[in-house]
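Read off the chains here:
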Amino acid sequence: AQRVTQPEKLLSVFKGAPVELKCNYSYSGSPELFWYVQYSRQRLQLLLRHISRESIKGFTADLNKGETSFHLKKPFAQEEDSAMYYCAQDAGNMLTFGGGTRLMVKP
Amino acid sequence: DGGITQSPKYLFRKEGQNVTLSCEQNLNHDAMYWYRQDPGQGLRLIYYSQIVNDFQKGDIAEGYSVSREKKESFPLTVTSAQKNPTAFYLCASSIYGPTPGHRGDTEAFFGQGTRLTVV
């Protein structure tokens, strides 16, 4: 089965600290990878996708095929970044999500 | 106002009853998905459909059924066979199904969700 693993269920940092949310995928080919975010009382929505190589709200994610990882990073966390983050992969037949990491940014 | 709509927002069901959750989209998307969201377990795929009149089982399809008679609609029925139906259910759609040749187009748009409680 194609799996996406997010090892941390909760990540708590102080405002201004760097953030890294970990994600590992299992697909042996070239998957399409995404990060989705769910802010409080809002819908789950796309944050960024690896194919675009973009930075959204200061977040970036780099695909490391050797380590099968797609970690999400931000150099300086903000309180408004507090949310639930999901890593997802499209391995050619279905969109699979990881278990999610709740990020809490403390003032 | 384009988007994906789930109804109802809250649903209560007695044990042994079937119940159907509605999902409608007016985005002209080909693919639609149903996920179950449980605390600590993230999103698990129940069923997905890449085209009208076709659907596939996801990781946790047992106790659920779907239909895709119209492009806009993908209702999910939670049957009495589902042993632990109390959960938050999310519907999503994307412009193309996750198939080769359409890479980069599989952004999924989500509904607001339906919270189902068995009483």
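This text follows the structure it describes.
On a predicted model such as this, the values are computed, not experimentally measured, just so you know. (Residues numbered from 1 in each chain as written. Chains lettered and ligands numbered in written order. Predicted model: local features only at pLDDT ≥ 70, side-chain atom pairs only at ≥ 80, totals over all residues. Heavy atoms only, no water.)

Engineer: Talk me through the overall build of chain B; I want residue IDs and the actual numbers.
Structural biologist: When its secondary structure is counted, chain B shows zero helices and 11 strands. Helices and strands appear in chain B in the N-to-C order β-β-β-β-β-β-β-β-β-β-β. The globule rule puts the C-alpha radius of gyration for 119 residues at 14 Å, and the 14 Å found for chain B is close to it. Overall size of chain B, expressed as C-alpha extent along the three principal axes, is 45 × 30 × 30 Å. The 119 residues of chain B split such that 49% are buried. (Helix = DSSP H or I, 4+ residues; strand = E, 2+ residues; numbered from the N terminus. Rg over C-alpha atoms; globule rule 2.2 N^0.38 Å. Buried < 20%, exposed > 50% of the residue type's maximum accessible area, 1.4 Å probe, protein only.)

Engineer: Break down the layout of surface pockets for me, citing the residues and quoting the values.
Structural biologist: Considered as a void within the structure, the largest pocket measures approximately 780 Å³ in volume. Gln38 and Arg102 of chain A together with Gln37, Phe88 and Arg115 of chain B are, among the 31 residues lining the largest pocket, the residues nearest its centre. Mapped by element, the contributors of at least two residues to the lining of the largest pocket are β9 (83–90) of chain A together with β4 (31–38) and β9 (87–94) of chain B. A per-class count over the lining of the largest pocket returns 10 nonpolar, 14 polar and seven charged. Estimated volume of the second largest pocket: approximately 270 Å³. In this structure, the second largest pocket is lined by 18 residues; those nearest its centre are Phe97, Gly98 and Gly99 of chain A together with Gln41 and Arg44 of chain B. Elements that contribute at least two residues to the lining of the second largest pocket include exactly β10 (95–97) of chain A together with β5 (42–51) of chain B. Of the residues belonging to the lining of the second largest pocket, the class tally is six nonpolar, eight polar and four charged. (1 Å grid on protein atoms, 1.4 Å probe; cavity = no way out; pocket = protein on both sides within 12 Å on 5 of 7 lines; lining within 4 Å. Points joined across faces, edges and corners; volume = space filled by probe spheres on them. Nonpolar A, V, L, I, M, F, W, Y, C, P; charged D, E, K, R; others polar.)

Engineer: Requested: an account of the interface of chain A and chain B, with residues and values cited.
Structural biologist: Contact with chain A, which involves 22 residues of that partner, is made by 25 residues of chain B. Sorting the residues of chain A by area buried against chain B places Arg43, Met94 and Leu95 of chain A first, and these three jointly supply 28% of that buried surface. Summed over the shared surface of chain A and chain B, the number is one salt bridge. Ionic pairing is found between Glu107 of chain B and Arg49 of chain A, a salt bridge with its closest N-O pair at 3.2 Å. On the surface where chain A and chain B come into contact, there are eight residue pairs in polar contact (both at pLDDT 80 or more). With four residues, strand β5 (residues 32–38) of chain A is the largest single contributor of residues to the side of chain A that touches chain B. Partitioning the side of chain A that touches chain B into residue classes produces 10 nonpolar, seven polar and five charged. (Contact = heavy atoms within 4.5 Å. Buried area = accessible area lost by both parts, 1.4 Å probe. Salt bridge = Lys/Arg side-chain N within 4 Å of Asp/Glu carboxyl O. Polar contact = N/O pair within 3.5 Å; in protein donor to acceptor, adjacent residues only side chain to side chain.)

Engineer: Break down the side chain of Thr101 of chain A for me, with residues and values.
Structural biologist: All names here are of chain A. The residue Thr101 is located in strand β11 (residues 101–106) in this model. Classification of Thr101 as buried rests on a relative accessible area of 0%. Polar side-chain contacts of Thr101 include one of 3.4 Å to the side chain of Gln6. In this structure the side chain of Thr101 is engaged in a polar contact, spanning 2.5 Å, whose partner is the backbone oxygen of Glu8. Residues within four places of Thr101 in sequence aside, it is in contact with Gln6, Glu8, Lys9, Leu10, Leu11, Leu21, Ala83, Met84 and Tyr85.

Engineer: Residues and numbers for the environment of Gln56 of chain B, please.
Structural biologist: You can see Gln56 of chain B is positioned in strand β6 (residues 54–57). Within polar-contact distance, the side chain of Gln56 of chain B engages the side chain of Asp54 of chain B at 3.4 Å.

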